[in-house]
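# Structural overview for review
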Amino acid sequence: MTSPILNIDLHCHSTVSDGALAPREVAARAHANGVDVWALTDHDEIGGLAEAAGAAQELGMRFATGVEISVTWAGLTVHIVGLRFDPSNVALDQGLRKTRAGRAERAKRIGERLAGMGMPGAYEGALPFAGNPELISRTHFARYLVEAGYCPDVQTVFNKYLGDDCAGHVPMQWATLAEAVGWIRGAGGRAVIAHPGRYKYTPLQFAALFDEFIELGGEGIEVNTGSHTADEARKYADVARRYGFLASRGSDFHSPKESRMDLGRLPALPPDLKPVWHDWF
């Protein structure tokens, strides 16, 4: 079992997806915050891993390859984090490319919806925040709408315009759960359900999701993460015990100004849970 004194953060984002800092800058912030073991988990993209790994090595941090894959399950988006995989795996790379392919067209449709709501030019305004149209997301739109003065902060944008139940949201058909877990496992990695407290499923649907995930070879669940309340962390600790999941811990850091939790600032996992990193060192 890994020493409990290690500060481990296995979920965060860089400018390669929807974070505000470059991979090297995220590494520096993690190190400054006392993180010992770190994973960069950009959305559907592994292009920042080489820079992240090099920076972590220079800083003396242990590094785990990571990615957060978008999945459509029961009509909603679920995120599956992959950890400690081979980033040169061809099937994983091709699968992520396929998953990213629909983002640009979706972004144009979001821009059209926002224009119809009195916010013209949002697509063009969001592009500089993304850098790459292939990776444009709702977060990039949100940052533009804040800069343009339509909302005071990113969370308000999601609450009013871009949340799953809002008029500006354009649903996507992402990867299937079987595809995402298969890509991660095929590359030698470990699959983890990210921030389960964010998904609006019934108890029956959650049970079906967990059962299918385990059947496909999924192993872990995030217990302590930036979007979980203390009650949700306790709830998913109990889920981990009931289903035999490995427990993970990650801030889901995106930006110094926007994130609910900074890198390395989460409470420790309950000591009776087996962590996702239990056999890494």
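The notes below deal with the structure included here.

Cut-offs applied
- Residues numbered from 1 in each chain as written.
- Predicted model: local features only at pLDDT ≥ 70, side-chain atom pairs only at ≥ 80, totals over all residues.
- Heavy atoms only, no water.
- Helix = DSSP H or I, 4+ residues; strand = E, 2+ residues; numbered from the N terminus.
- Rg over C-alpha atoms; globule rule 2.2 N^0.38 Å.
- Buried < 20%, exposed > 50% of the residue type's maximum accessible area, 1.4 Å probe, protein only.
- Contact = heavy atoms within 4.5 Å.
- Areas by Shrake-Rupley, 256 points an atom, 1.4 Å probe, with all protein chains shown as cover.
- Lys, Arg positive; Asp, Glu negative; His and termini not counted.
- Charge placed at Lys NZ, Arg CZ, Asp CG, Glu CD.
- Pairing = 2+ DSSP bridges.
- Axes fitted to C-alpha atoms, helices over the stretch in contact; angles between N-to-C directions.
- Core = buried A, V, L, I, M, F, W, Y, C linked by side-chain atoms within 4.5 Å.
- Phe/Tyr/Trp six-rings, centres within 6.5 Å; stacked < 30°, edge-to-face > 60°.
- Lys NZ or Arg CZ within 6 Å of the ring centre and 35° of its normal.
- Left-handed = near helix turned anticlockwise from the far one by under 90°.
- Disulfide = S-S within 2.5 Å.
- Polar contact = N/O pair within 3.5 Å; in protein donor to acceptor, adjacent residues only side chain to side chain.

What the protein contains, in helices and strands, is ten helices and seven strands. The globule rule puts the C-alpha radius of gyration for 281 residues at 19 Å, and the 18 Å found for the protein is close to it. Scored against the burial criterion, the 281 residues of the protein give a buried share of 54%. If you take every contact in the protein between residues at least 6 apart in sequence, the share linking residues at least 24 apart comes to 72%. Within the structure as shown, the protein displays about 12,000 Å² of accessible surface, and the carbon and sulfur contribution to it stands at 51%. Of the side-chain charges in the protein, 28 are positive and 34 negative, and the distance between the mean point of each set is 2 Å.

All right, on to the side chain of R106 then. With respect to the helices, strands and loops of the structure, R106 is situated in helix α4 (residues 103–116). Each residue touching R106, except ones within four places of it in the same chain, is listed here: R138, H169, V170, M172 and W174.

Turning next to the sheet that holds strand β5 (residues 190–193). A sheet is described by the order of its strands in space; here seven strands give the open sequence β1-β2-β3-β4-β5-β6-β7, paired in mixed fashion. Strands with a single pairing partner mark the edges of an open sheet, and in this sheet they are β1 (8–9) and β7 (246–250). For β1 and strand β2 (residues 37–40), the ladder comprises two bridges, and the chain directions are parallel. When the bridges of β2 are listed, D9 appears paired with W38. Sheet strands touched by helix α2 (residues 49–59): β2 and β3 (62–73). Its angle to β3, the strand with the most contacts, is close to 150 degrees.

Moving on, we come to the nonpolar core. Looking at soluble globular proteins, one finds that nonpolar side chains tend to be buried together. Formed by 63 residues in total, the largest nonpolar core has its most connected members in W38, I69, I80, F210 and I221. Within the second largest apolar cluster, 20 residues are counted, among which are V157, F158, L162 and V170.

Turning next to the packing of aromatic side chains. The final tally for this structure, using the stated rule, is eleven aromatic pairs. Judged by centre distance (6.4 Å) and plane angle (50 degrees), the ring pair of Y199 and Y201 falls under tilted. For the pair formed by Y199 and Y201, the shared burial category is buried. A cation over a ring is seen here: R62 above F281, with NZ or CZ 4.4 Å from the ring centre.

Let us now look at the packing of α4 against helix α6 (residues 138–147). In contact at an axis separation of 11 Å, α4 and α6 are set at 35 degrees when each is read in the N-to-C sense. In the packing of α4 onto α6, the handedness of the crossing is right-handed. For the pair α4 and α6, the contacting residues are R106, A107, I110, G111 and L114 in the first and R138, F141 and L145 in the second.

Our next topic: unusual backbone geometry. A positive phi is found at D44, a non-glycine position, where the angle reads about 55 degrees. Take D44: it is sitting in the loop between β2 and α2. A positive phi angle, near 55 degrees, is found at R84, a position not held by glycine. Here R84 shows up in the loop between β4 (76–83) and α3 (90–100). Assessed through its relative accessible area of 38%, R84 is described here as partly exposed.

Here the focus is the environment of G250. Position of G250 relative to the elements: it lies in strand β7. Residue G250 is classed as buried on the basis of its relative accessible area, which comes to 0%.

In this section: the state of the cysteines. Scanning all chains against the criterion turns up zero disulfides. No disulfide involves C166; its nearest neighbouring cysteine sulfur is the one of C151, lying 10 Å away.

Another point: the side chain of T65. Examined against the element boundaries, T65 turns out to sit in strand β3. For T65, the side chain forms a polar contact with the main-chain oxygen of F85, separated by 2.8 Å. Dropping the residues within four chain positions of it, T65 is found in contact with L49, G82, L83, R84, F85 and P87.

A few words now on the environment of G168. If you trace the backbone, G168 turns up in the loop between α7 (154–162) and α8 (177–186). For G168, a relative accessible area of 0% translates into the label buried. Once the C-alpha coordinates of G168 and R113 are considered, the two residues, 55 residues apart in sequence, prove to be 5.5 Å apart. Look past the residues within four positions of G168 in its chain and what remains in contact with it is I110, R113, M117, Y161 and L162.

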